[in-house]
There are 2 protein chains.
Amino acid sequence: MKFTIQREQFVQSVQHVSKAISSRTTIPILTGIKIDASEEGVTLTGSDSDISIECFIPKEDEENEYVEIEEEGSIVLQAKVFADIVKKLPENKIEVTVQDQFATTLKSGSSVFNLNGLDPEEYPRLPQIEEDSVFKLPTDLLKNIIRQTGFAVSTVETRPVLTGVHWKIEDGELICTSTDSHRLAMRKAKVETNTDDLEFSNVIIPGRSLGELSKILDDSEEWIDIIVTENQILFKAENILFFSRLLDGNYPATENMIPTTSKTGLKLDTKVLLQAIERSLLLSRDGKNNVVNLKTMDNGQIEITSVTPEVGKVTEDLQAIELTGEELRISFNGKNLIDALKVVDSSEIHVDFTGAMSPFVLKPVDHDYTLHLFSPVRTY
Amino acid sequence: MKFTIQREQFVQSVQHVSKAISSRTTIPILTGIKIDASEEGVTLTGSDSDISIECFIPKEDEENEYVEIEEEGSIVLQAKVFADIVKKLPENKIEVTVQDQFATTLKSGSSVFNLNGLDPEEYPRLPQIEEDSVFKLPTDLLKNIIRQTGFAVSTVETRPVLTGVHWKIEDGELICTSTDSHRLAMRKAKVETNTDDLEFSNVIIPGRSLGELSKILDDSEEWIDIIVTENQILFKAENILFFSRLLDGNYPATENMIPTTSKTGLKLDTKVLLQAIERSLLLSRDGKNNVVNLKTMDNGQIEITSVTPEVGKVTEDLQAIELTGEELRISFNGKNLIDALKVVDSSEIHVDFTGAMSPFVLKPVDHDYTLHLFSPVRTY
């Protein structure tokens, strides 16, 4: 194998595929990045067997020549060392040569790196996926969906399905839900499909996969193709393939958990509420005590308080834009509310309560495609 | 105690004095910041008993009013919580009130924090320092001296004096030296003194103290007064007092270690050498193997190589600006050279060798007030 490649494209693709690579893998070959040079260009692959990422650098596009192939071939190089090297090489062009025994040379200007490569035949094949049922979303919308649901997945493995985000498609609408059983986030979006009757449910994508996917996607309006199979999901962007394993098991039925009535209704400025709750948690030590108390007042105000024994007490008074219904005192995990308020794309929100012991709903005023649900905390 | 203070000044001073506070202190009162309100203004103090920092916020200066004192007094508040609160308070003004039993209230807009304070009488007194012999330096020069010597102190406690920087004054010149016994950094600077005959040596300032001092000083040309006593050093900037304990013991005589002859002389571009050595260490794992080999070549070039068994080999060819004297092959700790090259304020450097087994000297081409010395590494 021998080719010369533009450093900038190489660096970016190496960074992308590195996102899939875990230093804790038990399969030695997966600590490496696979490089394939063909007539069309250079393909890089990284995988931890849950996530696999493939990046393609074409020989050329309309404007630029990126790769000059002298001899086709493959090699696997240690990901960390390789990524560090391509980032630091002195010139814009990098020459990659593989000789006998996988001995690899990277040359750039007066720098020469001789590396011991690994056998590319040992590298696992990526899943073959049939492209019968495809739906698509603009990249920036997909990133927004991930941002607005990914934070609410469970981080403990006691119920593995809750570490993923549940996706279903019904009537041309994608509904994404995540919950750690104390709070829930839901986001809907219209999708385009290549078949009219594309429907599925119980597709559970690991939260970590979505997080890594989001990091390598630009905030563009380019369409991204999505294909779901029995146990894999594939995201296809330009020159990037992102495969993730799906989680096994049945996701809980969350639709019935969401209350449809309201006994106390609040309309609040999103940022004012966020900052007040952030301040009210300043005394909670190492995030151990995140309980915040909310009380409605006479004059359309609400009072938020938080007490940490031995340290002190915080009191925040807020003017509600609207306050309707019954008087209320309720306690909840303030950290969970902060997480939700940070991803709300609306300057004002509605919060609807049905009593001090019942879950309550937070919705943006501007639109109805997102919803957040929170359990109260009992304070005796 | 009761006063109202401008948030911005308060936040900055709290951050400054927090630099002295260690969460690992065994003296409970030192986890706090002491606040003193007097007719003149507000004084904040933080200390870990090695370093003490005092910041003064005057009632007013020519342009602005900063503090409005209603009642004088003192209190000690938990540093971390207090620093977080003042940073996040919503309005520009903060009202601080202390009632009975050290109960303290911080009020800003509609936020109210009730904190349990500590007894200010328990807070240790700062050292009283006689100001007989004072010398001074511009702040930016002091920061530069710290930057160019602080990195070379030892980080292990086997020889405690080597964890500090040695300062001496001779003929109106300050000479600062640090060494971890494998490399040495030296920086000289003219100082102004209030007495003609101010001379001292064996003043050893903990590297950590100098690092924290540098962080709270601006890059200004304002003069900073420095007073050295038996076991303390005091840095006096505008509204800031910085006290540090000195290290006990005798600093090694370093003058005689520096070779005055040269068998092989090199003149090199600082940045070219720095980048070549940085790349040559890319294969060294977790900084365990930092050995770099340097070899002079026929055509005025030098070759830098580094080998990490099982990973590979790096070769860097550099054109020297000048190469004089004998042929040379030498090995050294590349990391130590990188540290020094990063603080050199000169685009070109001289390196003088007196053989493969002898220490070698690195000097900037532009000036003669800094010098770096390195031990070679034996490679069998």
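Calculation criteria
- Residues numbered from 1 in each chain as written.
- Chains lettered and ligands numbered in written order.
- Predicted model: local features only at pLDDT ≥ 70, side-chain atom pairs only at ≥ 80, totals over all residues.
- Heavy atoms only, no water.
- 1 Å grid on protein atoms, 1.4 Å probe; cavity = no way out; pocket = protein on both sides within 12 Å on 5 of 7 lines; lining within 4 Å.
- Points joined across faces, edges and corners; volume = space filled by probe spheres on them.
- Nonpolar A, V, L, I, M, F, W, Y, C, P; charged D, E, K, R; others polar.
- Buried < 20%, exposed > 50% of the residue type's maximum accessible area, 1.4 Å probe, protein only.
- Helix = DSSP H or I, 4+ residues; strand = E, 2+ residues; numbered from the N terminus.
- Pairing = 2+ DSSP bridges.
- Contact = heavy atoms within 4.5 Å.
- Buried area = accessible area lost by both parts, 1.4 Å probe.
- Salt bridge = Lys/Arg side-chain N within 4 Å of Asp/Glu carboxyl O.
- Polar contact = N/O pair within 3.5 Å; in protein donor to acceptor, adjacent residues only side chain to side chain.
- Axes fitted to C-alpha atoms, helices over the stretch in contact; angles between N-to-C directions.
- Parallel < 35°, antiparallel > 145°, perpendicular 65-115°, else oblique.
- Left-handed = near helix turned anticlockwise from the far one by under 90°.
- Least-squares fit on C-alpha atoms with pLDDT ≥ 70 in both.
- Domains from an automatic or database assignment.
- UniProt positions renumbered as here; feature names shortened; annotations may be inferred.
- Expected span 1.5 Å × (residues − 1).

On to empty space enclosed by the protein. Residues and elements named next belong to chain A. Summed over all chains, the structure comprises two cavities of 30 Å³ or more. In this structure, the largest cavity is lined by Leu266, Leu268, Leu273, Leu294, Phe332, Leu337, Val351, Phe353, Phe360 and Leu362. When its residues are assigned to classes, the lining of the largest cavity shows 10 nonpolar, no polar and no charged. Taken as a whole, the second largest cavity holds about 40 Å³ of empty space.

This next bit is on the pairing of strand β19 (residues 264–269) of chain A. Residue and element names in this part refer to chain A. Burial analysis of β19 places five of its six residues in the buried class, which makes it a mostly covered element. Across four bridges, β19 lies against strand β23 (residues 322–325) in antiparallel orientation. What sits directly across from Leu266, in β23, is Leu323. By the bridge criterion, six bridges tie β19 to strand β25 (residues 348–353) in an arrangement that is antiparallel. Among the inter-strand pairings, Lys267 is bridged to a residue of β25, identified as His350.

Another aspect to go through is the interface of chain A and chain B. Contacts between the two partners involve 25 residues from chain A and, on the opposite side, 25 residues from chain B. Carbon and sulfur atoms make up 52% of the surface buried where chain A meets chain B, a total of about 2,200 Å² over both sides. For chain A, the biggest contributors to the area lost against chain B are A:Lys88, A:Arg279 and A:Leu282; these three give 24% of the whole. On the surface where chain A and chain B come into contact, there are one salt bridge. Note that A:Lys88 is salt-bridged to B:Glu278, the shortest N-O span being 4.0 Å. Here chain A and chain B share 16 residue pairs in polar contact (both at pLDDT 80 or more) between them. At the level of elements, α2 (79–88), β9 (111–116), α5 (270–280) and β22 (312–319) of chain A are the ones that each hand at least two residues to the side of chain A that touches chain B.

Next up on the list: the packing of helix α3 (residues 139–150) of chain A against helix α4 (residues 207–216) of chain A. All names here are of chain A. Interhelical geometry of α3 versus α4 gives an angle of 140° and a closest axis separation of 10 Å. Classified by the interaxial angle, the pair formed by α3 and α4 is oblique. In this structure, the crossing between α3 and α4 has a hand that is left-handed. Contacts from Leu142, Lys143 and Ile146 in α3 reach Leu210, Gly211, Leu213 and Ser214 in α4. Across the contact of α3 with α4, the residue classes break down as four nonpolar, two polar and one charged.

Quick look at the sheet that holds strand β8 (residues 103–108) of chain A now. Strand order across the open sheet formed by nine strands is β5(A)-β1(A)-β7(A)-β8(A)-β9(A)-β22(B)-β21(B)-β20(B)-β24(B), with antiparallel pairing between neighbours. The sheet is open, and its two edges are formed by β5 (67–71) of chain A together with β24 (329–333) of chain B, each paired on a single side. In this sheet, adjacent strand axes meet at a mean angle of 15° when their direction is disregarded. With four bridges joining them, strand β7 (residues 93–98) of chain A and β8(A) adopt antiparallel strand pairing. For A:Val98, the partnering residue across the bridge sits in β8(A) and is A:Thr104. Packing against the sheet, α2(A) makes contact with β7, β8 and β9 of chain A, and its axis sits at approximately 170° to β9(A). Helix α5 (residues 270–280) of chain B rests against β9 of chain A together with β20 (291–296), β21 (301–308), β22 (312–319) and β24 of chain B of the sheet, and its axis sits at about 170° to β22(B).

We now examine the relation of the copies chain A and chain B. Of the two same-sequence chains, chain A is brought onto chain B (RMSD 0.0 Å, axial shift 0.0 Å) by a rotation of 180°. Between the two chains, the operation in question is that of a two-fold axis. Same-surface contact between copies: 100% of interface residues of chain A are shared with the interface of chain B.

Glancing now at the environment of A:Thr104. Residues and elements named next belong to chain A. Mapped onto the elements of the fold, Thr104 is located in strand β8. Residue class for Thr104 comes out buried when judged on its relative accessible area of 2%. For Thr104 and Lys2, which are 102 residues apart along the polypeptide, the C-alpha to C-alpha distance reads 9.6 Å. Filtering out sequence-adjacent residues up to four positions away, Thr104 remains in contact with Ile75, Leu77, Val96, Thr97, Val98, Phe113, Asn114, Leu115 and Gly117. A polar atom in the side chain of Thr104 sits 3.1 Å from the backbone oxygen of Phe102.

Residue and element names in this part refer to chain A. When its domains are assigned, chain A resolves into domain 1 (2–122), domain 2 (134–255) and domain 3 (259–374). Taken together, the contact between domain 1 and domain 2 spans 12 residues of the former and 12 residues of the latter. Interface of domain 1 and domain 2: buried area, both sides summed, is about 1,200 Å²; carbon and sulfur atoms make up 52% of it. Among the residues of domain 1 in contact with domain 2, Lys19, Asp50 and Ile51 are the three that bury the most area, contributing 43% of the side total. Joining domain 1 to domain 2, the criterion identifies two salt bridges. For Asp48, the salt bridge goes to Arg208, with nearest N and O atoms at 2.8 Å. One can count five residue pairs in polar contact (both at pLDDT 80 or more) joining domain 1 with domain 2.

To continue, consider the UniProt feature "domain: DNA polymerase III beta sliding clamp N-terminal" (unreviewed entry) in chain A. The UniProt entry lists residues 1–127 of chain A under the feature "domain: DNA polymerase III beta sliding clamp N-terminal" (unreviewed entry), expressed in the numbering used here. A distance of 25 Å separates the end C-alpha atoms of residues 1–127 of chain A, which is 17% helix and 43% strand.

The next point concerns helix α1 (residues 7–18) of chain B. The terminal C-alpha atoms of α1(B), which comprises 12 residues, lie 16 Å apart, in line with the 16 Å expected from a rise of 1.5 Å per residue. Listing the buried residues of α1(B) in full gives B:Phe10, B:Val11, B:Ser13, B:Val14, B:His16 and B:Val17.

This next bit is on the pattern of salt bridges. Here the structure, examined in full by the defined rule, presents 37 salt bridges over all chains. Taking the shortest distance from any N to any O, the salt bridge between A:Arg279 and A:Glu316 comes out at 2.8 Å. With A:Arg279 in helix α5 and A:Glu316 in strand β22, this pair connects stretches of sequence that are 37 residues apart. In this pair, the class of A:Arg279 matches that of A:Glu316, namely buried. Between B:Glu170 and B:Lys168 there is a salt bridge whose closest N-O contact spans 3.4 Å. For B:Glu170, a relative accessible area of 36% corresponds to the partly exposed category. The exposure class of B:Lys168 is buried, given its relative accessible area of 12%. Taken together, the shared-partner salt bridges in this structure form one network comprising A:Asp180, A:Arg183, A:Lys335 and A:Asp339.

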